[in-house]
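Secondary and tertiary structure notes
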Amino acid sequence: MSSEPRHNLNRTVKLLPKSPTGILGLDKITDGGLPLGRPTLICGGAGCGKTLFAMEFIVRGALEFNEPGVFMAFEEKAEELTVNVASLGFDLEQLQADKMIKLDHVYIERSEIEETGEYDLDGIFIRLGHAIDSIGAKRVVLDTIENLFASLSNQAIIRAELRRLFQWLKDKNVTTIITGEKGDGTFTRHGLEEYVSDCVILLDHRVANQISTRLLRIVKYRGSYHGTNEYPFLIDKDGISVLPVTALTLDHEVSTVRVSSGIPSLDRMLGGQGFFKGSSVLVSGTAGTGKTSIAGYFANETCNRGGRCIYFAFEESPKQIIRNMLSIGVTLQQHIDSGLLKFHASRPTLNGLEMHLVSIHKLVEEFKPQTVILDPITNLITVGSVSEVKTMLIRLIDFLQSEQITVMFTALTLNNIVNEQTDEGVSSLVDAWLLVRDIEFNGERNRGMYVMKSRGMKHSNQVREFVISDEGLNLVDVYLGPEGVLTGSAREAQRLQEVTSDVLKDHAITRKDMEINRKRKVLESKIASLKEEFDSVQDELNKSYIEDQLRKSVVDQNREQLTRNRHSGE
Amino acid sequence: MNELPNTSGAKTAIESERFVLRLFVTGASSNSVRAISNIKEICEKYLTDNYSLEIIDVYQQKDIAEKEQIIALPLLIKNFPLPERRFMGDMSDTDRVLKELGLSS
């Protein structure tokens, strides 16, 4: 009961209402959008995307949130703007005809104008007010109002009027974006941030190692929680996408569902079922050990199950991979045709790491795959340092795991020693690490595969020979002989040798059996002769016994006869 | 036509050309009121009858602000004689107004 009033108190707390920008990712960072009914300052150097940012805010507002907007341009003419943003698929003419957007180009020609005393900027107020009222605008952009400073000489008036303008816009309850050119050591050349104190967003365009990255940072957002990092953003045919880079927590869902790697014998090494769904798998190995083939198999398997897969190729073109996979009996083309597999091939040097991350994000969100493959991550090193690549991959893994997407990286290791770390230092991040390694022996080079780690499942500790043939990939047991691990033809020779010795053994066994038979026969014949002997002895003995009896009876008869004869003679 | 209003400062440059002036103001704000009286005074003094002055209240015709590229007010536009010139402010800087109108020496 006592908590009741408190609860009510909480409910009455009013959060700052926000106006969603519709710009991919930005609303996530700002926790809902720009402050509703207040001005926001977007500042940055030339060519950092201020105007586009502002324009997208207006257009998305009109298209997605049904909020009409006024775009007051101090730099570009309305027609120029229309053409410039047409490349992003924004049809400003149509939107203007629909009364969803109003473009107003404010043009000041310094040489035509004379200042002859006190004045104010009521003209702007009236124009803007009229534009807002005519379409019922909820959003306003002033791009770049600082141009006034170049056109008019009385700075005191401009400053006073700007202060009044922003207050007036607040009173009008329109969400406003003001753009400003970045000055030396200040956010804007003329200190606009002084007037716009609610929200300041800084755009930057940085070039490092000849590779450019666009970055966005929320410098200030009064009354709201917001991300404070520099977030990379991308301008492409769909406009701006901002990437909320790092999830701060590690509380994503985990799955116990297993997915096959596509290679049954590899699955057997992984407790018989393959990887966990949503886990990260690293396949590393020296050049030419079949990393891409493993990745291709995995992609193929995903698509065979009816899942979607994006294959980011940083080294080979999709056509090349398809051709090469065909040689080991995997037809990826059918999955591309059915729309389950998507290749995205680009050179790592195409853009900065962050940009790669943004484009991966974007594609993943669009395509909603179950599996993502990056082949290989090694090349990313060319556009960033090891630690940068590592952070990027952490973010990527974070993101993919939160979406329950299984990811497979391939990485090239440069030497043949089994390192504790891969070059990118990601081995500690991944859930499963397969190492493919050359085994040079007996004048030939063979591939051995280990499961270095596989979190949360029983996995084989054995080295398997990794065989790539026309039929596909297979893992066979290596032969562990007195000379160590035998692979390839040595293993084959060993196998043949074993067959030979089996035959010999069989032969030996047959011979022994015959011997025993023979012995048995000898024994049996001996037994028979002894028995015969016994029988004859027995007969002999019986014969004498009967003779004795006969003799005895004859004697008895004779005696009786004699006796009778004597009696009769008396 | 063209009797020249040979008043003191105004020299011959004006000749046959009639001045077409438009003054944009915002209601009865102090700047506007000052501008109206100042320009009227200048016109009366230097152009006498050789001018037409139209005073427009932008509040009454809001769309004119965009059409005429109005930013600062009060604004005086000299449409004729060419070249077109714009003057903003309350016209209290008489010398400057005269010079730019081509009326001062």
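Residues numbered from 1 in each chain as written. Chains lettered and ligands numbered in written order. Predicted model: local features only at pLDDT ≥ 70, side-chain atom pairs only at ≥ 80, totals over all residues. Heavy atoms only, no water.

Attention now moves to the confidence of the model for chain B. Across chain B, pLDDT averages 79, with 83% of residues at or above 70. Confidence drops under pLDDT 50 across residues 1-14 of chain B; counting only partners more than four residues distant or on other chains, this segment forms 16 contacts. (pLDDT = per-residue confidence, 0-100. Contact = heavy atoms within 4.5 Å.)

Residues and elements named next belong to chain A. Computed from the structure, the second largest pocket encloses a volume of approximately 410 Å³. Per-element tally for the lining of the second largest pocket: the top contributor is helix α14 (residues 386-402), with four residues. A breakdown of the residues in the lining of the second largest pocket according to their chemical character gives seven nonpolar, five polar and five charged. Here the lining of the second largest pocket gathers at least three residues from each of two domains, domain 1 (11-242) and domain 2 (258-477). (1 Å grid on protein atoms, 1.4 Å probe; cavity = no way out; pocket = protein on both sides within 12 Å on 5 of 7 lines; lining within 4 Å. Points joined across faces, edges and corners; volume = space filled by probe spheres on them. Helix = DSSP H or I, 4+ residues; strand = E, 2+ residues; numbered from the N terminus. Nonpolar A, V, L, I, M, F, W, Y, C, P; charged D, E, K, R; others polar. Domains from an automatic or database assignment.)

What follows is about the pairing of strand β22 (residues 464-469) of chain A. All names here are of chain A. In the sheet, strand β21 (residues 444-454) pairs with β22 via two bridges, with the strands oriented antiparallel. Looking at the pairing, Met449 lines up with Arg464 of β22. Judged from the six bridges that link them, β22 and strand β23 (residues 472-477) form a sheet pairing that is antiparallel. Each residue of the ladder has a partner; that of Ile468, found in β23, is Leu473. Taking the residues that link successive antiparallel strands as the turn, the β22-β23 hairpin has two residues. (Pairing = 2+ DSSP bridges.)

A regular strand places its side chains on the two faces of the sheet in alternate fashion. Residues and elements named next belong to chain A. Of all the five residues making up strand β5 (residues 101-105), five are buried; the element is thus mostly covered by neighbouring parts of the structure. With burial as the criterion, each face of β5 is covered, one bearing Ile101, Leu103 and His105 and the other bearing Lys102 and Asp104. In this structure, strand β4 (residues 69-73) lies alongside β5, joined through five bridges in parallel fashion. Its bridge partner being in β5, Phe71 is matched across the sheet by Leu103. (Buried < 20%, exposed > 50% of the residue type's maximum accessible area, 1.4 Å probe, protein only.)

What holds strands together in a sheet is hydrogen bonding between their backbones, with the strands either parallel or antiparallel. All names here are of chain A. If you walk across this open sheet you meet the nine strands as β5-β4-β7-β8-β3-β9-β10-β11-β12, and the pairing is mixed. Looking along the sheet, the strands with just one partner apiece sit at the ends: β5 and β12 (239-242). The average angle at which neighbouring strand axes cross in this sheet is 20 degrees, direction not considered. Of the strand pairs in this sheet, strand β7 (residues 139-143) and strand β8 (residues 175-181) are connected by four bridges, and their pairing is parallel. Directly across from Val140, in β8, lies its bridge partner Thr176. (Axes fitted to C-alpha atoms, helices over the stretch in contact; angles between N-to-C directions.)

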